[in-house]
Amino acid sequence: MTLWWIGNVVLLVVILPVVVYLLKGVLDAARGIVPSVRRIATAAQAGSRDLDAVPLLLTTQEQVKQTVEVVANYGGSLDVIVDDAEEE
Amino acid sequence: MPAAGVVLIVAVVLIVLALVYFLVSTIVALRQITSGLDEAIGAVGEIVEKSAPVEPVVKDINRNLDAGVDLLEGLLVKKAGLEDSMGLVEGLYPGSAAAGLRNFPDSREIHPPRISEVYTKGTLTLARLGREAPIAAASPSGSVLRNVEGGSLDARMLYPEGRQQRPPGLPRSPVIGTGAPVVYPPSEQRGGTTPDDGEIREKGQWAGTAAEGIVPAELGGSDAPRETLAEDPELGSEALGETTGSEAPATDTGIDRAGGDEADATSDGGPDVPEGGEPDLKDAGAPPRQVDT
């Protein structure tokens with residue numbers, strides 16, 4: 001009977017607090033991840049919205065091409081009408 | 001049941017309750033994490049999808065820009081020489097000559113001449129254009145480009161100043177009319193252009209006559225002295241008119257060249273009539289009666 005009481009005391013004083021402590025640690029860690037994940041999701045959505053302007057790169061690409069063509073034509077004309085530098 | 005058994009049961013129940021509470025709470029938190037990760041993964045997938053074509057497009061843009069830089073650098077060095085090029089670059093963007101030209105590694109070692117202190121951009125451009133440029137026209141030998149004083153003076157004379165000091169008397173601006181500094185005698189030009197030698201050879205003797213004037217001044221042409229002409233004030237140059245000296249059409253629409261060299265006012269003139277339209281004969285005269293013929 002004495003051993004039974006000792007077992008009960010150990011169960012209530014040692015085992016139960018240890019179990020509660022460990023479970024609370026797991027729960028706190030899991031709850032700490034939740035806001036971080038929400039911030040990651042928000043940032044990813046914002047990044048996705050920022051990339052909505054990517055199709056404009058096609059316009060930029062075309063305009064750069066046209067600009068370089070104009071520069072090439074202009075340079076070609078200058079090459080014809082302007083004398084080359086004298087050789088040293 | 002003994003008291004120790006009851007206490008044991010209570011202790012076990014407490015442990016089980018603690019397990020249930022904390023594990024359920026953990027499950028709820030993990031589900032929230034799963035939901036958040038699903039949203040994040042979806043957004044990351046969009047990012048990956050949207051950014052996929054960026055690389056080839058940016059590479060193409062960079063390739064075109066590289067070609068433009070190569071072209072401009074090559075043209076600059078070809079036309080101005082490497083040393084003067086670095087002087088021009090330094091003049092336009094002070095300090096940038098130290099970086100040199102990308103395709104000319106030797107340009108980093110060149111001490112750039114201080115071109116911008118002697119030549120302005122416009123002057124240098126005009127000078128590079130050749131003999132037609134004002135500076136080069138004044139000094140076709142080309143030495144003025146290397147003449148600091150001459151180049152600077154000519155450069156300054158190209159730009160207006162608040163009080164015109166140089167040169168002291170500028171030529172008058174072109175004037176059209178009787179007050180023009182250059183007035184062509186009417187016998188030399190009265191309608192159309194004065195035919196040159198080539199046109200005379202092409203058109204024949206009559207064109208040569210036109211070049212000398214239809215009515216020479218000594219025979220009483222319109223440019224003869226006023227005292228030799230009859231008193232007719234209507235025959236002044238205002239009444240006789242004069243050519244514009246320009247190829248620009250006198251009307252907004254210009255000359256209708258649809259008929260080519262064979263254009264005729266009777267066939268090519270007048271308003272555009274729709275196909276199949278009946279002519280307007282309300283103003284046409286009535287034919288003679290049979291008895292009258």
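Residues numbered from 1 in each chain as written. Chains lettered and ligands numbered in written order. Predicted model: local features only at pLDDT ≥ 70, side-chain atom pairs only at ≥ 80, totals over all residues.

1. Quick word on the packing of helix 2 (residues 54-80) of chain B against helix 3 (residues 82-92) of chain B
Residue and element names in this part refer to chain B.
Now for step 1: It is at 7 Å that the axes of helix 2 and helix 3 come closest, and there the two elements cross at 120°. Crossing handedness for the pair helix 2 and helix 3: right-handed. When helix 2 is examined against helix 3, the residues Leu76, Val77 and Ala80 are found in contact with a partner set consisting of Leu82, Asp84, Ser85 and Leu88. (Axes fitted to C-alpha atoms, helices over the stretch in contact; angles between N-to-C directions. Helix = DSSP H or I, 4+ residues; strand = E, 2+ residues; numbered from the N terminus. Left-handed = near helix turned anticlockwise from the far one by under 90°. Contact = placed C-beta atoms within 7 Å.)

2. Focus: the packing of helix 1 (residues 2-50) of chain A against helix 1 (residues 3-51) of chain B
Now for step 1: Here helix 1 of chain A crosses helix 1 of chain B at 15°, and the two axes come no closer than 8 Å. Considering the angle they form, helix 1 of chain A stands roughly parallel to helix 1 of chain B. Like other packed secondary-structure pairs, helix 1 of chain A and helix 1 of chain B cross with a definite hand, here left-handed.
Now for step 2: Looking at the contact of helix 1 of chain A with helix 1 of chain B residue by residue, the classes come out as 36 nonpolar, eight polar and six charged. (Parallel < 35°, antiparallel > 145°, perpendicular 65-115°, else oblique. Nonpolar A, V, L, I, M, F, W, Y, C, P; charged D, E, K, R; others polar.)

3. Structural notes on helix 1 of chain A
Now for step 1: The first and last C-alpha atoms of helix 1 of chain A sit 72 Å apart over 49 residues, in line with the 72 Å expected at 1.5 Å per residue.
Now for step 2: Listed in full, the buried residues belonging to helix 1 of chain A are Asn8(A), Leu27(A) and Ala41(A).
Now for step 3: Looking at the buried side of helix 1 of chain A, the elements it contacts are helix 1 of chain B. (Expected span 1.5 Å × (residues − 1). Buried ≥ 20, exposed ≤ 12 C-beta atoms within 10 Å, placed from the backbone.)

4. Structural notes on the confidence of the model for chain B
Now for step 1: For chain B, the mean per-residue pLDDT works out to 71, and 43% of the residues sit at or above 70.
Now for step 2: Counting contacts from residues 140-146 of chain B, a segment whose pLDDT is below 50, to residues more than four positions away or on other chains yields ten contacts. (pLDDT = per-residue confidence, 0-100.)

5. Some remarks on the nonpolar core
All names here are of chain B.
Now for step 1: Ranked by size, the top nonpolar core spans nine residues in total: Leu76, Val77, Ala80, Met86, Leu88, Val89, Ala97, Leu101 and Ile115.
Now for step 2: Every element with two or more residues in this core is listed here: helix 2 and helix 3.
Now for step 3: Residues in contact with Ile115, not counting those within four places in the same chain, are Asp84, Gly87, Leu88 and Gly91. (Core = buried A, V, L, I, M, F, W, Y, C linked by C-beta atoms within 7 Å.)

6. Thoughts on the interface of chain A and chain B
Now for step 1: Each partner contributes to the interface: chain A provides 45 residues, whereas chain B provides 45 residues.
Now for step 2: Sorting the residues of the side of chain A that touches chain B by element identifies helix 1 and helix 2 (56-81) of chain A as the ones contributing at least two each.
Now for step 3: Per-element tally for the side of chain A that touches chain B: the top contributor is helix 1 of chain A, with 25 residues.
Now for step 4: For the side of chain A that touches chain B, the residue count by class is 31 nonpolar, seven polar and seven charged.

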